[in-house]
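Notes for the structure review
As a plain string of letters, each chain reads:
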Amino acid sequence: MGTKTVDEAVDANGTEAKSDKETVDGTGTGTEETPDSAAVTGAEAEAEELDDTEADAPADEDLPAAGEKDAPGVGLGAAAVVSAGLGIVSLTGSWVATVAAARETLVGQLQTSSSATVATQVKEVYGDAWATTALVGGLFALAALIVGVVVLARPAFGAPGKPQAAWIKSVAWAGVSLGVVGLVLAVAKYSDIILGLPSTK
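To start, this report covers the structure provided alongside it. All of these numbers come straight from a predicted model, not from anything done at the bench.

1. Some points on the overall build of the protein
- Broken down by element type, the protein carries six helices and zero strands.
- Start at the N end of the protein and walk to the C end: the helices and strands fall as α-α-α-α-α-α.
- Buried residues in the protein amount to 19% of all 201 residues.
- In the protein, the proportion of contacts linking residues at least 24 apart, taken out of those at least 6 apart, comes to 81%.
- A total of about 14200 Å² of accessible surface is found on the protein, and carbon and sulfur atoms cover 64% of it.

Written as structure tokens, this is what we have:
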């Protein structure tokens, strides 16, 4: 009976110790399941960094639309091309000048009598028509000159810090140059300095 009592006591103590061990192990397992403090700190730092990046990024409302950003450059480029085109037309002629010259020739023929002198007939029939052609060419040259100057001067009145594209400047200068040449030639022809009427003497 004494041995049995001791064994029972030992078994009881062993069971209690085992129970205590299981309790400790359960507590330890709970401790292992707790997140590591270093991982938590790294996650918080990453979240703060993302927040700072989003704060530094510009808002979509502050960014200009694509059409608004490109509109000034597109308009100036088109105007520069128009200026160069008008300059070329002032030198090569146009259907407007052709029709105006033909009309002036017809008017001269109707208003000049057959008894008029040769000099008068030449002036009324041909001279006025040539002068009209020169006048129309001069108007095209003047338009090319004005448009080109406006394109070159536009950046001075626009937003600062936005330089004009090099190709726009080149085309605008071409239009201005052609306009000046066409205007000089038109004035010279209109005043009979060059290509004047032939002598009828």
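2. Regarding a nonpolar patch on the surface
- Taken together, the side chains of Leu91, Val181, Leu185, Ile193, Ile194 and Leu195 define a hydrophobic patch exposed on the protein surface, amounting to about 560 Å² of accessible area.
- Tracing the chain through its elements places valine 181 in helix 6 (residues 166-190).
- What makes valine 181 partly exposed here is its relative accessible area of 43%.

3. Some details on the nonpolar core
- One finds Leu76, Ala80, Val151, Ile168 and Ala172 forming the largest nonpolar core, which totals five residues.
- Elements supplying a minimum of two residues to this core: helix 3 (66-92) and helix 6.
- The contacts of isoleucine 168, once residues within four sequence positions are left out, are Gly73, Leu76, Gly77, Ala80 and Val151.

4. What to know about the side chain of serine 90
- By the element assignment, serine 90 lies in helix 3.
- Looking at serine 90, the relative accessible area reads 11%, which means it is buried.
- A polar contact is formed between the side chain of serine 90 and the backbone oxygen of glycine 87, at a distance of 2.5 Å.
- The residues contacting serine 90, other than those within four sequence positions of it, are Gly137, Phe140, Ala141, Leu178 and Gly182.

Here is what the cut-offs are and how they apply
- Residues numbered from 1 in each chain as written.
- Predicted model: local features only at pLDDT ≥ 70, side-chain atom pairs only at ≥ 80, totals over all residues.
- Heavy atoms only, no water.
- Helix = DSSP H or I, 4+ residues; strand = E, 2+ residues; numbered from the N terminus.
- Buried < 20%, exposed > 50% of the residue type's maximum accessible area, 1.4 Å probe, protein only.
- Contact = heavy atoms within 4.5 Å.
- Areas by Shrake-Rupley, 256 points an atom, 1.4 Å probe, with all protein chains shown as cover.
- Patch = residues over 30% accessible without salt bridge, like charges linked within 9 Å, V, L, I, M, F, W, Y side chains within 5 Å.
- Salt bridge = Lys/Arg side-chain N within 4 Å of Asp/Glu carboxyl O.
- Core = buried A, V, L, I, M, F, W, Y, C linked by side-chain atoms within 4.5 Å.
- Polar contact = N/O pair within 3.5 Å; in protein donor to acceptor, adjacent residues only side chain to side chain.

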